[in-house]
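# Fold and geometry: a report
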Amino acid sequence: MAKAKYQKYVLKEPRVSLPPKKPTSVPTFGLSEELMSGIGKFDCNFNFVGILAPHVLADPPHKHDCDELLFFISTDPENTTDLGGEVEIALGEEWEKHVITTSAIICLPKGLQHCPVYVRKVDRPFYFGHLLLAAKYGSNANILG
Amino acid sequence: MAKTKYGKYILKGARGEKSPLETSAMKPVVLEGLEDWGGIKHRMKWSFISQPILMIDEPHSHDFDEFLCFLGCNPANELDFDAEVELSLGKEGEKQIINTPTVVCIPRGLIHCPINFKTISKPVLFCHISTAPEYVRKPVS
């Protein structure tokens, strides 16, 4: 078959390669029911996540039927107050906006809706995490639709 | 600034304030805001250890569960940890050597300490979590 004149304009399977994406966060350490299985029952689970670049955390607005702490930790021993970044979090069903620029703990009594969490700026990586008074994250979480 | 409904639940880093426990070896982070943590029972605090220090000498226990977390200060590399800490557990004083990022789970009643940060080549983020609002030590009888 003769080569079509205009076939060159039809790109079949036009795959493009994306530049490698740098991770925006990395899970570091924490406690889970699985890790605790050999040593007994603790009604507590937590984790530390390294925040490396701006992004939106995956958690949709939700609440728990137990208390929770969210924490933000500057990792510069010479500057423990300034977080090294800026985070915006919505609290309550009104999505009341709060901006975090220092090391901080947010106390979430059971039933208080929270999220989304927007990491707006990261000048230096910091730790973010949760501490939930339940053996397993999710077991006491009511995710709102 | 208008008063917010939920701002009371946030403890923020206190600029320009030093902990009375601060030394050249240990820098506890000071937060300000809440008096009662919104009624939440568990507590969390952290310090940066930059020089060797015998932090607590006396063995003791608590009526609550406690977790001691030892992390490096490089969130991009969770294994970047260069220090050695010795922690005694149990009435026998069984020594544990901590030289990697570690979480130590201390159930209520388990005797622990001394805790000795023996070698610090890179600063350690030492985080203390407890499941009770009041930190009370029970000495070994």
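You'll find the structure just up there.
From a predicted model like this one, the values you see are computed outputs, not experimental measurements. (Residues numbered from 1 in each chain as written. Chains lettered and ligands numbered in written order. Predicted model: local features only at pLDDT ≥ 70, side-chain atom pairs only at ≥ 80, totals over all residues.)

## Comments concerning the overall build of chain B
Tallying secondary structure elements over chain B gives zero helices and 13 strands in all. Moving toward the C terminus, one meets the helices and strands of chain B in the order β-β-β-β-β-β-β-β-β-β-β-β-β. In terms of overall dimensions, chain B has C-alpha extents of about 55 × 35 × 25 Å along its principal axes. For chain B, buried positions account for 31% of its 141 residues. (Helix = DSSP H or I, 4+ residues; strand = E, 2+ residues; numbered from the N terminus. Buried ≥ 20, exposed ≤ 12 C-beta atoms within 10 Å, placed from the backbone.)

## Thoughts on the overall build of chain A
A count of helical and extended segments in chain A gives one helix and eleven strands. Its helices and strands taken in sequence order, chain A reads β-α-β-β-β-β-β-β-β-β-β-β from the N to the C terminus. For a compact globule of 145 residues, the expected C-alpha radius of gyration is about 15 Å, and chain A comes in at 21 Å, more than 25% above that figure. Along the longest, intermediate and shortest principal axes, the C-alpha atoms of chain A span 75 × 40 × 35 Å. In chain A, once contacts between residues fewer than 6 apart in sequence are set aside, the share between residues at least 24 apart is 75%. (Rg over C-alpha atoms; globule rule 2.2 N^0.38 Å. Contact = placed C-beta atoms within 7 Å.)

## Describing the pairing of strand E5 (residues 68–73) of chain A
All names here are of chain A. By the criterion of burial, E5 is predominantly enclosed, with six of the six residues buried. Alternating positions in E5 separate into two faces, Glu68, Leu70 and Phe72 on one and Leu69, Phe71 and Ile73 on the other, with burial throughout. Across five bridges, E5 lies against strand E8 (residues 104–108) in antiparallel orientation. Looking at E8, one finds that phenylalanine 71 is bridged to isoleucine 105. Here E5 runs beside strand E10 (residues 126–132); their pairing, made up of six bridges, is antiparallel. Among the inter-strand pairings, leucine 69 is bridged to a residue of E10, identified as leucine 131. (Pairing = 2+ DSSP bridges.)

## So, the environment of alanine 104 of chain A
Examined against the element boundaries, alanine 104 of chain A turns out to sit in strand E8. Taking the number of C-beta atoms within 10 Å as the measure of exposure, alanine 104 of chain A has 23 and is therefore buried. With near-sequence residues (within four places) excluded, alanine 104 of chain A lies in contact with Phe72 of chain A together with Ile10, Leu11, Lys12, Gly13 and Leu31 of chain B.

## So, the interface of chain B and chain A
Reports of interface size often rely on the accessible area that becomes lost once the parts have come together. Chain B puts 40 residues into the contact, and the matching count from chain A is 38 residues. Mapped by element, the contributors of at least two residues to the side of chain B that touches chain A are strand E1 (10–13), strand E4 (43–49), strand E7 (66–71), strand E10 (102–106) and strand E12 (124–130) of chain B. For the side of chain B that touches chain A, a count of residues per class yields 25 nonpolar, eight polar and seven charged. Relative to E1 of chain B, E8 of chain A runs antiparallel, the two being bridged by three bridges. By the bridge assignment for E1 of chain B, alanine 104 of chain A is matched with lysine 12 of chain B. (Nonpolar A, V, L, I, M, F, W, Y, C, P; charged D, E, K, R; others polar.)

## Focus: the nonpolar core
Leu69, Phe72, Ile105 and Ile106 of chain A are the most contacted members of the largest nonpolar core, which has 59 residues in total. Ignoring sequence-local partners within four residues, the contact set of isoleucine 105 of chain A consists of Leu69 and Phe71 of chain A together with Leu11, Leu31 and Met44 of chain B. (Core = buried A, V, L, I, M, F, W, Y, C linked by C-beta atoms within 7 Å.)

## Details of the sheet that holds strand E3 (residues 31–32) of chain B
Strands belonging to one sheet form pairs held by backbone hydrogen bonds; the direction of such a pair is parallel or antiparallel. Across the sheet, seven strands lie side by side as E1(A)-E2(A)-E10(A)-E5(A)-E8(A)-E1(B)-E3(B); this open sheet has antiparallel pairing. Two strands in the sheet have a free side with no partner beyond their single neighbour: strand E1 (25–31) of chain A together with E3 of chain B.

## A few points about the sheet that holds E7 of chain B
All names here are of chain B. Pairing in this open sheet of five strands is antiparallel, and the strands run E2-E4-E12-E7-E10 from one edge to the other. The sheet is open, and its two edges are formed by strand E2 (26–28) and E10, each paired on a single side. Strand-to-strand twist in this sheet, taken as the mean axis angle between neighbours without regard to direction, amounts to 20 degrees. As defined by bridge partners, E7 adjoins E10 across five bridges and the pair is classed as antiparallel. Note on E10: the bridge partner recorded for leucine 68 is valine 104. (Axes fitted to C-alpha atoms, helices over the stretch in contact; angles between N-to-C directions.)

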